[in-house]
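# Understanding the architecture of this molecule
So you can see what is in the structure, the chains are spelled out below.
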Amino acid sequence: MSRKTGLITQRTRAAWMFLTPMLLVLAAVALYPLAQTIWFGFTDASLNDLDGAEWVGFRNYLEWFDYGNGQGEWDGLLVDERWWRAVWNTLKFAFVSVFFETLFGLIIALVLNAQFPGRAIVRTAVLVPWAIPTVVSAKMWGWMLHDQFGIINDMLMKVGLISAPIAWTATPETAMAAVMMVDIWKTTPFMALLILAGLQMIPGDIYEAAKLDGVNPVRVFRKVTLPLVMPALLVGVVFRGLDALRVFDIVYVLTPNTDATRVMSLFARENLFEYDRFAYGSAASTVLFLIVALITIGFIYATRMDLEGKEDR
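One structure accompanies this document, and this report is about it. Fair warning: this is a prediction, and the values are worked out from it, not measured in the lab.

Quick notes on the rules
- Residues numbered from 1 in each chain as written.
- Predicted model: local features only at pLDDT ≥ 70, side-chain atom pairs only at ≥ 80, totals over all residues.
- Heavy atoms only, no water.
- Helix = DSSP H or I, 4+ residues; strand = E, 2+ residues; numbered from the N terminus.
- Contact = heavy atoms within 4.5 Å.
- Pairing = 2+ DSSP bridges.
- Phe/Tyr/Trp six-rings, centres within 6.5 Å; stacked < 30°, edge-to-face > 60°.
- Salt bridge = Lys/Arg side-chain N within 4 Å of Asp/Glu carboxyl O.
- Buried < 20%, exposed > 50% of the residue type's maximum accessible area, 1.4 Å probe, protein only.

## Some points on the environment of Phe221
Inspection of the secondary structure assignment puts Phe221 in helix 9 (residues 217–245). Through-space distance from the C-alpha of Phe221 to that of Arg269 is 45 Å; in sequence the pair is 48 residues apart. Excluding anything up to four places from it in sequence, Phe221 contacts Leu106, Leu110, Leu226 and Pro227.

What follows is the structure in structure tokens.
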């Protein structure tokens, strides 16, 4: 028993020795900037004088502004309508994008998991959108969605679906839909790749037995395929959800300075650098971090996943 305990201690010590350099680097590039951002959110920091920042408490988050005549109003991030609209835009973007990326990714993964001639070529072609850098994809789609010389409007007008060109990224009613469409196009291959990996881990004997028993293919998918691929699918949803909640580049390139698509990260950047409200932007960044963390923890708890993506039975 003591020999086993000593071996466990030795392996634990070795694991910490290998992990320590990585943890130090992570603390330097992630933990310290995060702590500094949280600190600036409680100060009056300005971009021109970060060293002279002074503690102001929760003023950036919520403060009662007294007019001096017995009246006043609440001020701060937590009562800022533009901030809450950015929160709503972010949540809507994340939910819709991740839902359709998961749905389309599952369909593509099922197709790619089947045996057919040229499957390797099709798998490579499917990954092309994911391989293109996000900024390049956004700029490419920006030209395609242009109201005057974009190919999307030209095609839709030729088939009679629209009668006049639409400014997809400039019209408030269509801007968010355009951003979602581009993100779904780019990121669906990522979901398909993760789900395909999960599908290939399923033993083929299960399908052979179901075929011999004459089980309906739809029932096989519901009772066999979906439960067995669910861990990989949930891991993909967690990763994509994190990315979608922190989305910045695709929105910034396609629809800059648009209220209809302004997300939390864009709101924070504008206040940090463009409006020179560094403390206010730091407060927004802090709340963004808390929202992402709470949603992620809640999702993992609700789906009973552990950190390895396995369901907790």
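Now that the structure has been shown, we can carry on.
## Notes on the pairing of strand 1 (residues 63–66)
Strand direction decides the pairing type here: strand 1 and strand 2 (residues 72–75), joined by 4 bridges, are antiparallel. By the bridge assignment, Phe65 is partnered in strand 2 with Glu73. Here strand 1 folds back onto strand 2 in antiparallel fashion, the turn holding 5 residues, of which Gly68 has a positive phi close to 95°.

## What about the packing of aromatic side chains?
Scanning the model with the defined rule gives 16 aromatic pairs in all. Each ring, one from Phe42 and one from Trp55, has its centre 5.4 Å from the other, and the planes form 10°; the classification is stacked. Residue Phe42 is located in the loop between helix 1 (2–40) and strand 1, and its partner Trp55 is located in the loop between helix 1 and strand 1; the two are separated by 13 residues in the primary sequence. Three or more aromatic residues joined by ring pairs make a cluster, and in this case those are Trp39, Phe42, Trp55, Phe58 and Tyr61.

## Considering the pattern of salt bridges
Scanning the entire structure with this criterion turns up 10 salt bridges. Between Glu270 and Arg82 there is a salt bridge, with its nearest N and O atoms 3.5 Å apart. With a gap of 188 residues between them, Glu270 in helix 11 (residues 264–274) and Arg82 in helix 2 (residues 81–113) connect regions that are remote in the sequence. Judged by relative accessible area, Glu270 falls into the buried class, the value being 3%. For Asp183, the salt bridge goes to Arg240, with nearest N and O atoms at 3.0 Å.

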